[in-house]
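In case you want the letters, here they are:
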Amino acid sequence: MEEFDIELSLECPGGSGTRVTPEAERLLRKAARALAAAEVLERSGSSEFACGRAYYAMFYVAEALLAEVGESFRWGAPGSRAAECR
């Protein structure tokens with residue numbers, strides 16, 4: 001598999017010198033892997049699958065943002081379409 005360079009900054013903006021939480025870091029790394037997979041899929045002509053990986057990359061970034069403020073995302077009860085932040 002081709003290697004992709006995706007710049008991932010784990011320092012908080014504004015020059016504070018602080019880093020993201022370990023959970024946010026895990027999710028941001030997962031997002032970077034999803035973007036790399038999307039690139040591979042796009043280059044191989046599988047645009048519809050690349051879009052799915054890109055969607056999940058955005059989802060992981062949103063989860064990382066929630067983790068930074070002490071929140072998390074969870075799905076509703078089995079069979080339910082509800083999702084909530086807690």
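Just so it is clear, the model here is predicted, and its values are computed rather than measured. All residue numbers refer to position in the chain's written sequence, counted from 1. Local features in this predicted model are restricted to residues whose pLDDT is 70 or higher, and side-chain atom pairs enter the listing and the counts only when it is 80 or higher, whereas totals over whole chains, interfaces and linings include all residues. Side-chain numbers come from the whole structure's heavy atoms, not from hydrogens or water.

## A word on the packing of aromatic side chains
Here's step 1: What counts as a ring pair is set by centres within 6.5 Å for rings of Phe, Tyr and Trp (its six-membered ring), and what kind of pair is set by the plane angle: stacked under 30 degrees, edge-to-face over 60, tilted for all other angles. Evaluation of the coordinates by the stated rule reveals four aromatic pairs.
Here's step 2: Taken together, a centroid distance of 5.3 Å and an interplanar angle of 90 degrees make the contact between Tyr55 and Tyr56 edge-to-face.
Here's step 3: With a 1.4 Å probe rolled over the protein chains alone, any residue whose accessible area is under 20% of its type maximum counts as buried; one over 50% counts as exposed, and the rest are partly exposed. Residue classification places Tyr56 among the partly exposed residues on the basis of a relative accessible area of 36%.
Here's step 4: Clustering of aromatic rings is evident, with ring pairs tying together Tyr55, Tyr56, Phe59 and Tyr60.

## Describing a nonpolar patch on the surface
Here's step 1: A surface patch of nonpolar side chains, amounting to about 340 Å² of accessible area, comprises Tyr55, Tyr56 and Met58.
Here's step 2: A relative accessible area of 47% means that Tyr55 is categorised as partly exposed. Patch members must show over 30% relative accessible area and no salt bridge, and they are joined within 9 Å when carrying like charges or within 5 Å when they are nonpolar side chains of Val, Leu, Ile, Met, Phe, Trp or Tyr. For every accessible area listed, the method is Shrake-Rupley and the probe measures 1.4 Å; residues are considered covered only by the protein chains on display. Put simply, a salt bridge is a Lys or Arg side-chain nitrogen that is within 4 Å of an Asp or Glu carboxyl oxygen.

## What to know about the pattern of salt bridges
Once their charged atoms are close, side chains differing in charge can pair, the charge on each being opposite to the other.
Here's step 1: Summed over all chains, the structure comprises four salt bridges.
Here's step 2: One salt bridge in this structure joins Glu23 and Arg26, with 2.8 Å as the shortest N-O distance. Remark: Arg26 and Glu23 occur in helix α1 (residues 22-43); sequence separation between them is three residues, near one turn of the helix.
Here's step 3: The exposure class of Glu23 is partly exposed, given its relative accessible area of 38%.
Here's step 4: Across the pair Glu39 and Arg43 runs a salt bridge, and its minimum N-O distance is 3.5 Å. In this pair, Glu39 and Arg43 both sit in helix α1, four residues apart, roughly one turn of the helix.
Here's step 5: According to the relative accessible area criterion, Arg43 is exposed, its value standing at 53%. Comment: elements are numbered from the N terminus, with helices defined as DSSP H or I runs of at least four residues and strands as E runs of at least two.

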